[in-house]
Every structure is written in C-alpha cells, then in structure tokens.
There are 2 protein chains.
Amino acid sequence: MKARVVVTLKTGVLDPQGKAIEGALRSLSIAGIGSVRQGKVFDVEIDGEDRDSARKTLNEACERLLANTIVENYSVEIA
Amino acid sequence: MKARVVVTLKTGVLDPQGKAIEGALRSLSIAGIGSVRQGKVFDVEIDGEDRDSARKTLNEACERLLANTIVENYSVEIA
C-alpha cells in the first residue's frame, strides 16, 4: 500500500528557504508568484492492506522522526 | 490562489536520504514500513484567479528552478 506524508512549517514560523526561492523566481523574471513556503514529502510503501494500522504507523513515524511537531505540521494521505 | 508543487525523485534514481529514514524507523522499532523516498513540496500563493496562467507560471518555475528534470519529476496541484 502506498502513502504520502507531507510535512510543512506551521503558520508564523519563518521560512528563509521559501524566501530565497521567492527571490530566485523574481530574478528569473517569473512573475505572479506571491509567496512560497517549502516543506518535505515522504512517499512510503507500507506492508499489509489495513488502512487504519497503516495510518497509525505513519502517525507514529511522524511524531517520532519525520516531523518536528513544535514547528511543523504533518498530513498523511493513504492511496 | 493557492497551489502545491511536489517534486520527487524519478524511479531508479538512488535516494540515500530515504534509505537513512528507513534505517532510522527500523531502529525506532516502527514496523511495517517497506520503503521511503523523500521529496520536496512547495506551497505557493499565486496572484490572480486564472488557473491556466497559474499552471503555466508554475510549470515554468519547476522547469527553471524548483526541479532538476534530469533526475526529478514534478506535479502541480492548484487548489
């Protein structure tokens, strides 16, 4: 079973990498982009077919390793 | 208008970061995860309400800055 975990910075947390990308887009004359915030995505292959237990495993993985829950949010989508 | 760009490694391209995460999950005794591949996500705020032109702008941003299209795929979702 495939799943995707997306980890993004919480609102209000500064994102210098996103700001750098905004500046780079501007210097490439790519217009119309207001703001950019960068995050991480993890494409995960899960053993078994039980969606509930897969979600539980992934939530635990996020809490303990993939996300810093002080400054980051995470979302789990199971395909 | 909000959009999300996801950049992932192409199939077959080695992903040492993903492998390291697999190892770390195993040492945390989080079982049931087969493989992990890491990518990047960009949450973008676009000026204007024209979805077609937003998609065009984001495709250009991906081709020229956000993705290395030799080893990475990108997908654009407009909210």
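Everything here concerns the structure above.
Worth saying up front: this structure is predicted, and the values here are computed from it rather than measured.

Basis of the calculations
- Within any chain, residue numbers begin from 1 and follow the written order of that chain's sequence.
- For this description, chains carry letters from A and ligands carry numbers from 1, given in the order in which they are written.
- Whole-chain, interface and lining totals are the exception, using all residues; otherwise, since this is a predicted model, local features are given only for residues with pLDDT of at least 70 and side-chain atom pairs are given and counted only at 80 or more.
- The side-chain numbers reported here are obtained from all heavy atoms of the structure, hydrogens and water having been left aside.
- Only protein atoms enter the calculation, which uses a 1 Å grid: trapped sets of points that fit a 1.4 Å probe without letting it out are cavities, open sets showing protein on both sides within 12 Å along at least five of seven lines are pockets, and any residue with an atom within 4 Å of a point is a lining residue.
- Grid points are joined across faces, edges and corners, and a volume is the space filled by probe spheres set on the points.
- Strands here are runs of E lasting at least two residues and helices are runs of H or I lasting at least four, both read from the DSSP assignment and numbered beginning at the N terminus.
- Each residue is assigned to one class: nonpolar for Ala, Val, Leu, Ile, Met, Phe, Trp, Tyr, Cys and Pro, charged for Asp, Glu, Lys and Arg, and polar for all the others, Gly among them.

Engineer: What exactly am I supposed to notice about the layout of surface pockets here?
Structural biologist: Vacant regions in the atomic arrangement are exposed by a probe of water-molecule size rolled over the atoms. What the largest pocket holds in volume is close to 300 Å³. Lining the largest pocket are 17 residues, with R37(A), K2(B), R4(B), D43(B) and V44(B) sitting closest to its centre. Looking at the lining of the largest pocket, the elements with two or more residues in it are β1 (2-9) and β2 (33-46) of chain A together with β1 (2-9), β2 (33-46) and β3 (72-78) of chain B. Here the lining of the largest pocket is built from residues that sort into five nonpolar, five polar and seven charged. Taken as a whole, the second largest pocket spans an internal volume of roughly 260 Å³. Along its surface, the second largest pocket is lined by 14 residues, and K2(A), A3(A), D43(A), V44(A) and E45(A) are the ones closest to its centre. Looking at the lining of the second largest pocket, the elements with two or more residues in it are β1 and β2 of chain A together with β1 and β2 of chain B. Counting residues per element, the lining of the second largest pocket draws most heavily on β2(B), at five residues. Within the lining of the second largest pocket, the residues separate by chemical class into five nonpolar, four polar and five charged.

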